[in-house]
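These are the residues of each chain, in order.
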Amino acid sequence: VCTAHEPRHTHDVPRVTYLLCQLLLVYMIVLFGRAILSWFPIQPGTIWASIGNVLIQLTEPVLGPLRRMIPPMGMFDVSFLVLFLGIQIIRTVLC
(Lines give C-alpha, C1' and ligand atoms only; values in the text may rest on other atoms or scores of the structure.)
Protein backbone atom coordinates (compact mmCIF):
# COMPACT_ATOMS: atom_id res chain seq x y z
CA VAL A 1 0.00 0.00 0.00
CA CYS A 2 1.37 3.41 -0.96
CA THR A 3 1.09 6.29 1.40
CA ALA A 4 0.96 9.90 0.28
CA HIS A 5 4.68 10.22 0.92
CA GLU A 6 5.87 7.06 -0.82
CA PRO A 7 6.35 7.04 -4.61
CA ARG A 8 4.61 4.26 -6.48
CA HIS A 9 6.86 1.65 -8.00
CA THR A 10 6.39 -0.11 -11.30
CA HIS A 11 5.36 -3.37 -9.63
CA ASP A 12 2.45 -1.56 -7.94
CA VAL A 13 1.00 -0.29 -11.22
CA PRO A 14 -0.58 -2.53 -13.91
CA ARG A 15 1.47 -2.81 -17.10
CA VAL A 16 -1.06 -0.93 -19.24
CA THR A 17 -1.11 1.95 -16.77
CA TYR A 18 2.68 1.94 -16.62
CA LEU A 19 2.86 2.06 -20.44
CA LEU A 20 0.35 4.91 -20.54
CA CYS A 21 2.36 6.82 -17.92
CA GLN A 22 5.52 6.39 -19.97
CA LEU A 23 3.79 7.50 -23.19
CA LEU A 24 2.44 10.59 -21.43
CA LEU A 25 5.94 11.37 -20.19
CA VAL A 26 7.34 11.06 -23.71
CA TYR A 27 4.55 13.32 -25.01
CA MET A 28 5.41 15.92 -22.36
CA ILE A 29 9.03 15.81 -23.53
CA VAL A 30 7.86 16.28 -27.14
CA LEU A 31 5.74 19.27 -26.05
CA PHE A 32 8.69 20.74 -24.18
CA GLY A 33 10.91 20.25 -27.23
CA ARG A 34 8.40 22.05 -29.42
CA ALA A 35 8.25 24.93 -26.96
CA ILE A 36 12.04 25.25 -26.84
CA LEU A 37 12.41 25.15 -30.63
CA SER A 38 9.72 27.80 -31.03
CA TRP A 39 11.96 30.31 -29.24
CA PHE A 40 14.66 30.18 -31.93
CA PRO A 41 14.67 31.19 -35.59
CA ILE A 42 15.08 27.99 -37.58
CA GLN A 43 16.33 27.93 -41.15
CA PRO A 44 14.24 25.79 -43.53
CA GLY A 45 16.03 22.67 -44.76
CA THR A 46 18.12 22.18 -41.61
CA ILE A 47 17.99 19.27 -39.20
CA TRP A 48 16.33 21.60 -36.67
CA ALA A 49 13.57 22.36 -39.17
CA SER A 50 13.03 18.63 -39.69
CA ILE A 51 12.90 18.01 -35.94
CA GLY A 52 10.52 20.94 -35.52
CA ASN A 53 8.22 19.57 -38.23
CA VAL A 54 8.09 16.16 -36.51
CA LEU A 55 7.32 17.82 -33.16
CA ILE A 56 4.55 19.89 -34.77
CA GLN A 57 3.06 16.80 -36.41
CA LEU A 58 3.03 15.00 -33.05
CA THR A 59 1.55 17.86 -31.01
CA GLU A 60 -0.74 19.78 -33.35
CA PRO A 61 -3.53 17.16 -33.40
CA VAL A 62 -4.06 17.89 -29.70
CA LEU A 63 -3.02 21.55 -29.55
CA GLY A 64 -5.09 22.62 -32.58
CA PRO A 65 -8.49 21.77 -31.08
CA LEU A 66 -7.41 23.25 -27.73
CA ARG A 67 -6.45 26.51 -29.47
CA ARG A 68 -9.91 26.73 -30.97
CA MET A 69 -11.44 26.41 -27.49
CA ILE A 70 -8.91 28.53 -25.55
CA PRO A 71 -8.02 31.93 -27.03
CA PRO A 72 -4.44 33.19 -26.62
CA MET A 73 -3.63 35.76 -23.95
CA GLY A 74 -1.75 38.34 -25.95
CA MET A 75 1.21 36.53 -27.49
CA PHE A 76 1.06 33.64 -24.99
CA ASP A 77 -0.39 30.32 -26.17
CA VAL A 78 -2.44 29.22 -23.15
CA SER A 79 -3.50 25.99 -24.85
CA PHE A 80 0.05 24.69 -24.58
CA LEU A 81 0.10 25.34 -20.84
CA VAL A 82 -3.36 23.78 -20.38
CA LEU A 83 -2.26 20.64 -22.24
CA PHE A 84 1.03 20.36 -20.37
CA LEU A 85 -0.64 20.81 -16.97
CA GLY A 86 -3.48 18.47 -17.94
CA ILE A 87 -1.03 15.72 -18.83
CA GLN A 88 0.85 16.31 -15.59
CA ILE A 89 -2.38 16.02 -13.59
CA ILE A 90 -3.27 12.78 -15.39
CA ARG A 91 0.20 11.42 -14.69
CA THR A 92 -0.09 12.38 -11.02
CA VAL A 93 -3.40 10.53 -10.70
CA LEU A 94 -2.41 7.45 -12.73
CA CYS A 95 1.25 7.01 -12.04
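Everything that follows concerns the structure shown earlier in this document.
Below is a summary of the structure that appears in this document.

Scoring rules and cut-offs
- Per-chain numbering applies: the sequence of each chain, read as written, is numbered from 1 onward.
- Given that this is a predicted model, residues contribute local features only at a pLDDT of at least 70 and side-chain atom pairs are listed and counted only at 80 or more, while totals for whole chains, interfaces and linings are drawn from all residues.
- Only hydrogens and water are set aside when side-chain values are computed; all heavy atoms of the structure are taken into account.
- Secondary structure is summarised from DSSP: a helix means a run of H or I of at least four residues, a strand means a run of E of at least two, and numbering begins at the N terminus for each.
- Burial status follows relative accessibility: with a 1.4 Å probe on protein chains alone, a residue under 20% of its type maximum counts as buried, one over 50% as exposed, and anything between as partly exposed.
- Any two residues whose heavy atoms approach within 4.5 Å are treated as being in contact.
- Every accessible area reported is derived by Shrake-Rupley at a probe size of 1.4 Å, with residue values counting cover from the shown protein chains alone.
- Think of it this way: a Phe, Tyr or Trp ring, Trp meaning its six-membered ring, pairs with another when their centres are within 6.5 Å, and the plane angle makes it stacked under 30 degrees, edge-to-face over 60, tilted otherwise.
- All axes here are fitted lines through C-alpha atoms, helices being fitted over the stretch that makes contact, and every angle between N-to-C directions spans 0 to 180 degrees.
- With respect to orientation, any angle under 35 degrees is reported as roughly parallel, any angle over 145 as roughly antiparallel, any angle of 65 to 115 as roughly perpendicular, and every other angle as oblique.
- Note: crossing handedness is left-handed where the near helix turns anticlockwise from the far helix by less than a right angle, and right-handed where it turns clockwise.
- Under the scheme applied, nonpolar residues are Ala, Val, Leu, Ile, Met, Phe, Trp, Tyr, Cys and Pro; charged residues are Asp, Glu, Lys and Arg; polar residues are all the others, including Gly.
- Each residue after the first adds 1.5 Å to the expected span of a helix.
- Here, a salt bridge means any Lys or Arg side-chain nitrogen found within 4 Å of an Asp or Glu carboxyl oxygen.

A few points about the overall build of the protein chain
When helices and strands are counted, the protein chain shows 3 helices and 0 strands. Going residue by residue from the N terminus, the α and β elements of the protein chain occur as α-α-α. Here the protein chain holds 95 residues, and 26% of them are scored as buried. A separation of at least 24 residues holds for 58% of the contacts in the protein chain among residues at least 6 apart in sequence. As displayed, the protein chain has an accessible area near 7200 Å², and 72% of this comes from carbon and sulfur atoms.

With respect to the packing of aromatic side chains
How two aromatic rings sit relative to each other is given by the distance of their centres and the angle of their planes. In the structure shown here, the tally under the stated rule is 1 aromatic pair. Aromatic side chains Phe80 and Phe84 sit 6.2 Å apart centroid to centroid with 20° between the ring planes, which places their arrangement in the stacked category. Residue Phe80 and its partner Phe84 are both found in helix α3 (residues 78–94); the two are separated by 4 residues, about one turn of the helix. Judged by relative accessible area, Phe84 falls into the partly exposed class, the value being 24%.

A word on the packing of helix α2 (residues 47–69) against α3
Axis separation between α2 and α3 bottoms out at 9 Å; the angle between their running directions is 120°. The orientation of α2 with respect to α3, classified from their angle, is oblique. Considering the relative orientation of α2 and α3, their crossing is right-handed. Residue-level inspection shows Val62, Leu63, Leu66 and Arg67 of α2 in contact with α3, the latter providing Ser79, Phe80 and Leu83. Considering only residue class, the contact of α2 with α3 consists of 5 nonpolar, 1 polar and 1 charged.

Describing α2
Helical geometry note: an α-helix holds 3.6 residues per turn, so side chains three or four residues apart project in the same direction. The terminal C-alpha atoms of α2 lie 32 Å apart, and with 23 residues this matches the ideal 33 Å at 1.5 Å per residue to within 8%. Buried residues belonging to α2 abut α1 (15–38) and α3.

Comments concerning the pattern of salt bridges
Using the criterion set out here, one finds 3 salt bridges in the structure. Residue Arg34 is joined to Glu60 by a salt bridge in which the shortest nitrogen-to-oxygen separation is 3.0 Å. Placement of Arg34 in helix α1 and of Glu60 in helix α2 is noted, with a sequence separation of 26 residues between them. For the salt bridge of Arg67 with Asp77, the shortest nitrogen-to-oxygen distance reads 3.1 Å. Here Arg67, found in helix α2, pairs with Asp77, found in the loop between α2 and α3; they are 10 residues apart in sequence, far enough to count as distant. Under the relative-accessibility criterion, Arg67 is labelled partly exposed at 30%.

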